[in-house]
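Here are the chains, one letter per residue:
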Amino acid sequence: HSPTVFATSSFDRDIKMWDLRQPMHKPLYTASSDRGNVMVCFSPDDHFLLSSAVDNEVRQHLASDGRLHTKFNLDATGSMHNYTRSYYMNGSDYVISGSCEENTVHICCARTGRRLRDVTLEGRGMHSSLYVQSLRAHPTADFEFSVLMAYNSVTSKSEIAKVSLLESADVAAPGRPRVAPQTMRVAGLGG
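Residues numbered from 1 in each chain as written. Predicted model: local features only at pLDDT ≥ 70, side-chain atom pairs only at ≥ 80, totals over all residues. Heavy atoms only, no water.

On strand 3 (residues 29-32), burial follows the alternation: Tyr 29 and Ala 31 on one face are buried, whereas Thr 30 and Ser 32 on the facing-out side are not. Pairing geometry for strand 2 (residues 14-19) and strand 3, over four bridges, is antiparallel. For Met 17, the partnering residue across the bridge sits in strand 3 and is Tyr 29. (Buried < 20%, exposed > 50% of the residue type's maximum accessible area, 1.4 Å probe, protein only. Helix = DSSP H or I, 4+ residues; strand = E, 2+ residues; numbered from the N terminus. Pairing = 2+ DSSP bridges.)

Moving on, we get to a nonpolar patch on the surface. On the surface, a nonpolar cluster with roughly 260 Å² of combined accessible area is contributed by Phe 6, Leu 20 and Met 24. Tracing the backbone shows Leu 20 in the loop between strand 2 and strand 3. (Patch = residues over 30% accessible without salt bridge, like charges linked within 9 Å, V, L, I, M, F, W, Y side chains within 5 Å. Areas by Shrake-Rupley, 256 points an atom, 1.4 Å probe, with all protein chains shown as cover. Salt bridge = Lys/Arg side-chain N within 4 Å of Asp/Glu carboxyl O.)

Our next topic: the nonpolar core. A general tendency of soluble globular proteins is for nonpolar side chains to be buried together. Counting residues in hydrophobic clusters, the biggest one holds 30 residues, and the most contacted among them are Ile 96, Val 105, Leu 121, Phe 145 and Val 147. Apart from residues lying up to four places away in sequence, Val 147 is in contact with Val 105, Leu 121, Val 132, Ser 134, Leu 135, Glu 159, Ile 160, Ala 161 and Val 163. Counting residues in hydrophobic clusters, the runner-up holds seven residues, among them Tyr 29, Ala 31, Leu 49 and Ala 63. (Core = buried A, V, L, I, M, F, W, Y, C linked by side-chain atoms within 4.5 Å. Contact = heavy atoms within 4.5 Å.)

Moving on, we come to the packing of aromatic side chains. This structure, assessed with the given rule, holds two aromatic pairs. Arranged with centres 5.4 Å apart and planes meeting at 55°, the rings of Tyr 94 and Phe 143 form a pair that is tilted. Taken together, the residues span a long stretch of sequence, with Tyr 94 in strand 9 (residues 94-99) and Phe 143 in the loop between strand 12 (130-137) and strand 13 (144-151) at a distance of 49 residues. Here Phe 143 falls in the partly exposed class, since its relative accessible area comes to 23%. (Phe/Tyr/Trp six-rings, centres within 6.5 Å; stacked < 30°, edge-to-face > 60°.)

On to the sheet that holds strand 12, then. Across the sheet, which stays open at both edges, the three strands sit in the order 12-13-14 with antiparallel pairing between neighbours. Each end of this open sheet is capped by a strand with a single partner; those strands are strand 12 and strand 14 (159-164). In this sheet, adjacent strand axes meet at a mean angle of 30° when their direction is disregarded. Both strand 12 and strand 13 contribute to a ladder of seven bridges, which runs antiparallel. (Axes fitted to C-alpha atoms, helices over the stretch in contact; angles between N-to-C directions.)

Next up, the structure:
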C-alpha cells in the first residue's frame, strides 16, 4: 500500500523500517530480536511485520511503530545455525514457520502466537537428514503451502512439496502429500 516504505533485517539483531522519502541515514524506527534475524516480511494487509530470527525466534511487530505485538511459542534447539523462515498463510490469519535444521513446519495463530499444529515432513530415503530449506503459503488457496526440502547428503536432490492441510490421508490424490496427525510423507514435485 505504501511503495516508498520498506523493512530490513540483519544478523545484527535489528529490524528497521525505512521510508524512501526521508533521509536514508536514519530509519523510521528500529525493533530488535534476541538473535540474528534471517528475514522480515509484511502481512498481506501491511499492518504487521513478521520477523524470523535464528533458532525459531519468530515475532510479529506493528508496522506503524515497531512495537512487539506477538511472540510465537516455538521451541529453540540451541543451535546458532538453525535459520528460521516464516510467512503468513490464509491472509494474515496464520503463520507457517520452518527452520533449516529441522524437518517440521509449525503452524501458529497470527493473533495469539499459539502453536496450533506441527507438520513433520518425511521425504524419500534418509528421513533424519531432511530439513526445511524454505517455504511459502499459497497466495489464494487456504491451508495450502509449499516446502523446499533439502537433505544433508550431497547425493540427494532437493524436493519441492505441496502440502494441503485440508486433504485427509484417505482422499489424497496419487503423488500428493498425505496428512497424518503429526507426520506427513510427501512426494517431491521436482528437484
